[in-house]
Amino acid sequence: MNYAFDFSAPLAYWPDLLAGAGTTLSLSLTSTVFGFLLGVVCALANTGRSRWLARLSGMYIEAIRNTPLLVQVFIVYFGLASMGLQVGAFTAAIVALVVNVGAYTSEIVRAGIESIPKSQLEAAECMGLSRWHTLRHVVLPPAVERVYPALTSQYVLLMLASSICSQISAEELTAVANRIQSDTFRSVETYLLVAAAYLALSLVMRFVLWLVAMAAFPRLRRMGSPL
């Protein structure tokens, strides 16, 4: 094997790589926020008193968790276009990622909700708290706090999985890398640089989620390390 590495050619495209990394981070953070909200709503539906809401939520979760993300991206991007609703690749990518991560978030949050002792719920009922106030002050904060490390890992995986969106020409990091390697014919060097970029983005995501945990959970703030 006589291969001479040359990173100068792909590094010449550093502005494109930086823009692609920014798009990947933007995709990931936006999908994380809306995916978390969707997941919490579905988790509450799954653990609530309404059977039809629980069944509807369960059908959504099972459908998403048992189909590939790539297929879901294609359904959103090409399916909406077939129905006459033209959306850009970036918007379609966000919709697909939110729908995907919302299902996984729901199951994680549901586990946190079910871990809350019934005695706490009974105490809240004795104090005359409404169902909404019980959820808001007694159930959700400790439930999310308990499963926060799992949520963090899931959202980092979401950021890595966003590379699939290159298949619909969303200009994220992998799509930029594909274009660079086709221009430079330096596939190994290009994808090594991209691998390093994804590693850096993973650290950025974990740091951002750590900051969120430090701000949201006083007990974890006192402990100093929520992850």
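Residues numbered from 1 in each chain as written. Predicted model: local features only at pLDDT ≥ 70, side-chain atom pairs only at ≥ 80, totals over all residues. Heavy atoms only, no water.

1. Quick look at the overall build of the protein
Part 1: Counting its regular elements, the protein contains 10 helices and 0 strands.
Part 2: Each principal axis of the C-alpha distribution contributes one length, and for the protein these read about 75 × 50 × 30 Å.
Part 3: By the burial criterion, 39% of the 227 residues in the protein qualify as buried.
Part 4: Pairs at least 24 residues apart make up 76% of the contacts formed inside the protein by residues separated by at least 6 positions.
Part 5: Accessible area for the protein stands at about 12400 Å²; split by element, carbon and sulfur atoms hold 67% of it.
Part 6: One finds the centroid of the 15 positive side-chain charges in the protein at a distance of 14 Å from the centroid of its 12 negative side-chain charges. (Helix = DSSP H or I, 4+ residues; strand = E, 2+ residues; numbered from the N terminus. Buried < 20%, exposed > 50% of the residue type's maximum accessible area, 1.4 Å probe, protein only. Contact = heavy atoms within 4.5 Å. Areas by Shrake-Rupley, 256 points an atom, 1.4 Å probe, with all protein chains shown as cover. Lys, Arg positive; Asp, Glu negative; His and termini not counted. Charge placed at Lys NZ, Arg CZ, Asp CG, Glu CD.)

2. Focus on the nonpolar core
Part 1: Membership of the largest hydrophobic core comes to 47 residues, with the highest contact counts inside it found for Ile113, Leu151, Tyr155 and Leu173.
Part 2: Of all the secondary-structure elements, those providing two or more residues to this core are α2 (14–47), α4 (69–82), α5 (89–114), α7 (131–161), α8 (173–184) and α9 (187–216).
Part 3: The element best represented in this core is α7, accounting for 12 residues.
Part 4: Counting residues in each nonpolar core, the second largest holds 5 residues, with Tyr60, Ile61, Ile64 and Ala103 among its members. (Core = buried A, V, L, I, M, F, W, Y, C linked by side-chain atoms within 4.5 Å.)

3. Section: the pattern of salt bridges
Part 1: Applying the stated criterion across every chain yields a total of 6 salt bridges.
Part 2: Glu107 is the partner of Arg65 in a salt bridge, and the nearest nitrogen-oxygen pair spans 3.6 Å. With Arg65 in helix α3 (residues 51–65) and Glu107 in helix α5, this pair connects stretches of sequence that are 42 residues apart.
Part 3: Residue class for Arg65 comes out partly exposed when judged on its relative accessible area of 36%.
Part 4: Looking at Glu107, the relative accessible area reads 18%, which means it is buried.
Part 5: One salt bridge connects Arg179 with Glu171, and the closest N-O pair in it is separated by 3.4 Å.
Part 6: When its relative accessible area of 33% is taken as the criterion, Arg179 is described as partly exposed.
Part 7: Connected via shared salt-bridge partners are Arg65, Glu107, Arg110 and Glu114. (Salt bridge = Lys/Arg side-chain N within 4 Å of Asp/Glu carboxyl O.)

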